[in-house]
Amino acid sequence: MAPALDHLLLAVRDLERTAREFRAAGIDVVAGSAPGLPHSGVPTAGARILCRNGVAIDLLSYGVSPYGQAVRLLAKTPAWGPLRSRGSAVERYIGDGLATTEGLIGMSIRVDDLAATVRALRDEGFDVDDPVDFTRTDATGAESGWRVASPNDSTLPILVEPILVEPILVEQLIPSAAAQESGIGIDWIAVRTDDTDRTATGYRVVLGEPDADGSWQLGSVTIRLDGGGRSPGLPKLRACLGATPLPRSGSSLGLVDAFNTLDSHSAASIDRLAQALRLQTVSYEDPTRIDDSQFVQLGELLETSFPKAHSELTVEKFGHSRLYTWPGTDPTRVAGLFLAHMDVVPVDDPDRWTHPPFSGVVDDEFVWGRGAIDDKSRVLALLEAIEGALTDGVRPTGTLYFAFGHDEEIGGENGACVIARELLERGVRAEILLDEGGVVTRGVVDGIDRPVASIMLGEKGFATVRLSTRDLGGHSSMPPKHTAVGRISRAVVALEDNPMPLLMSPTVLDMTKRLAPFMSEPRRSLLRSAERFSAVIARILTARPQTEALVRTTTAATVIRGGVKANVLPQHAEALVNFRILPGESVADVLAHCRATIADDRVDIELAPGMLAEPSPVSPSDGPELALVAESARKVLPDVAVTTGLVPGATDARHYNDVAVVRFNFAPIILEQADLERIHGSDERISHENYQRLIAFDRILIERL
């Protein structure tokens, strides 16, 4: 018989909740028990999901006990299979602080000839024990290691002790002789390697050559290796159950509802996004490099793709930017202003992309391309939501505005800035503004094992300070104590060694309090008493650049120039230092800090020309507007932990400070750390599920407003 998938093994935190969700989706779930991990001697609660496509899914509950750390490790590393190198690997990888999420951790595959499969694996360089029957016991007397298994064993698949030969991990489930004779030998392989091709080799041995798209079809289940796993360069195993409708928890378990089950409208929306990603609407600092024809084509694509939106809403053009007005039944009320931008940043190295950055490739899980997250997906999703609402006869009570800029990536001066000025002149004052900047992260907030939605209440300001000095110059054989280059270097070091003071803002206090209920002790008690321990919490947050930015106006020396030749004393030197300014401080505070810290009259300190902004106003965290956005987020992500925060960068929203009562930066797309690095980086992409969730969220907000 050909290889066939027998079982998938998944780790979950809350077994009862997961089982309940699957039952609600019409999928049978029966009680069961899963064996303990090797060396633990501790059984774990389990359940079996009986899918209609004939594949069973065994759930393993890791709970919240210290023992659960080992299983959490499995759950957060679906690419690598179970990493349990006799305890040391568990400690090492937990120590690395990898994300704790639920996911696919293994699979059980039936093969014709187990011995032949083992030989083939050895021929490819994998280290595999002989397929013989034996049972071992650990120090407590509990069974561990290899175990005899029969085809009707209700506890399959069984966790067994791995054979670890860095960087390859191979696991096998050894069948009984009777099972081999019946042709139902079971072999479980999970490989860990830093090379996706090497990983694929192991699966080719067991499963044969993949299809043209790089996947293996085992009955109604598709197995795919994804090179963009939770850590860059590490492969990830994905299982698509195309014949079974899954509940929302299915994706968090590492399963994909195949998106083969997408309805025709969803598939068409993904195709429209892909078309938009193929247009190179790149913003360059040098305006002569911008290809206006690409922006024209994008506008034409929007008009043909969303005919109702362009016939029933008023559309105004400001250069390549667009303002859509949807009049409400109450002409005195402006309910909402939605922002997004159509331009993208340049691509540094196209060769580092899995697919060409402007190819708009669509596979069974992702849409790939520059702008997939930042920010064309939000432009298209808003128009999808508008088009769907118009089709269904929705009419807003208050007027809604949708402003799509064309130059956000270079400051927005000719797009968002112009539209905002026009709206201000018309006396527009929206009740709520929504822009990019906050997302849902998974495995990024340390100590929380569920997705965290960060709804940003404002954004930091920014300024670039230019430091410069002049000198007489001369021959390098007779140098002064400090040359111009040395003087500028000392000024830069002084700023780096003496950053601006820590500041625990009300927004960060609110953020920590909202996260506290999802933390374990002692963090929970510490965060709940954030006011009392604000200095301690602020100091803790400085441990990582990502969190230090929450409690400090940051200092980043980015450019330094000086000198013309190795044997010539420089007559001029300069440096550029970029500051991201917390609300409560100002550009003037930054300049005063630079002068006091450098304290050298020979160094000129001034604002560099270019982008400059004071910190934005901060929206209240206890108002009905935030509650509305949070509730809408929970509609599409029921298990999410909602918190607040500040956008560390700059968005178009800063131009609209006088056009909206409150502003938020948020989109309900789930991203992991590796996904965050794709924004403005290589292999930018958005999953089908994230995109459909984004459309649904926008539709909910439109109807609620």
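Up top is the structure these notes are about.
Reference entry: report on the structure contained in this document. (Residues numbered from 1 in each chain as written. Predicted model: local features only at pLDDT ≥ 70, side-chain atom pairs only at ≥ 80, totals over all residues. Heavy atoms only, no water.)

With that settled, the discussion passes to the sheet that holds strand S28 (residues 604-607). The sheet built from four strands is open, its strands ordered S25-S27-S23-S28 with antiparallel pairing. Where the open sheet ends on each side, the last strands, each with one partner, are strand S25 (554-562) and S28. Averaged over all adjacent pairs, the angle separating strand axes in this sheet is 20°, with direction ignored. Of the strand pairs in this sheet, strand S23 (residues 461-470) and S28 are connected by four bridges, and their pairing is antiparallel. Following the sheet pairing, Ser468 is matched in S28 by Asp604. (Pairing = 2+ DSSP bridges. Helix = DSSP H or I, 4+ residues; strand = E, 2+ residues; numbered from the N terminus. Axes fitted to C-alpha atoms, helices over the stretch in contact; angles between N-to-C directions.)

Where helix H11 (residues 376-391) meets helix H21 (residues 688-704), the axes come as close as 8 Å, and the angle between the chain directions of the two elements is 55°. Taken together, the axis directions place H11 and H21 in an arrangement best described as oblique. With respect to the hand of their crossing, H11 and H21 are arranged in right-handed fashion. Residues Ser377, Arg378, Leu380, Ala381, Leu382, Glu384, Ala385, Ile386, Gly388 and Ala389 of H11 pack against Tyr691, Leu694, Ile695, Asp698, Arg699 and Ile702 of H21. A breakdown of the residues in the contact of H11 with H21 according to their chemical character gives ten nonpolar, two polar and four charged. (Parallel < 35°, antiparallel > 145°, perpendicular 65-115°, else oblique. Left-handed = near helix turned anticlockwise from the far one by under 90°. Contact = heavy atoms within 4.5 Å. Nonpolar A, V, L, I, M, F, W, Y, C, P; charged D, E, K, R; others polar.)

Within the fold, Asp510 resides in helix H14 (residues 506-515). For Asp510, a relative accessible area of 16% gives the class buried. The residues touching Asp510, leaving out its near neighbours within four places in the chain, are Ser621 and Thr644. (Buried < 20%, exposed > 50% of the residue type's maximum accessible area, 1.4 Å probe, protein only.)

What follows concerns H21. Because each turn of an α-helix spans 3.6 residues, side chains separated by three or four positions end up pointing in the same direction. Its 17 residues place the ends of H21 24 Å apart at the C-alpha level, agreeing with the 24 Å of an ideal helix rising 1.5 Å per residue. Counting buried residues in H21 gives twelve out of 17 residues, a clear majority hidden from the surface. Along H21, the positions that sit buried rather than exposed are His688, Asn690, Tyr691, Gln692, Arg693, Leu694, Ile695, Phe697, Asp698, Arg699, Leu701 and Ile702. (Expected span 1.5 Å × (residues − 1).)

Relative to the elements of secondary structure, Arg693 occurs in helix H21. Those residues in contact with Arg693, other than ones at most four positions away along the chain, are Val636, Leu637, Pro668 and Ile670.

Taken by themselves, the reported measurements are silent on function.
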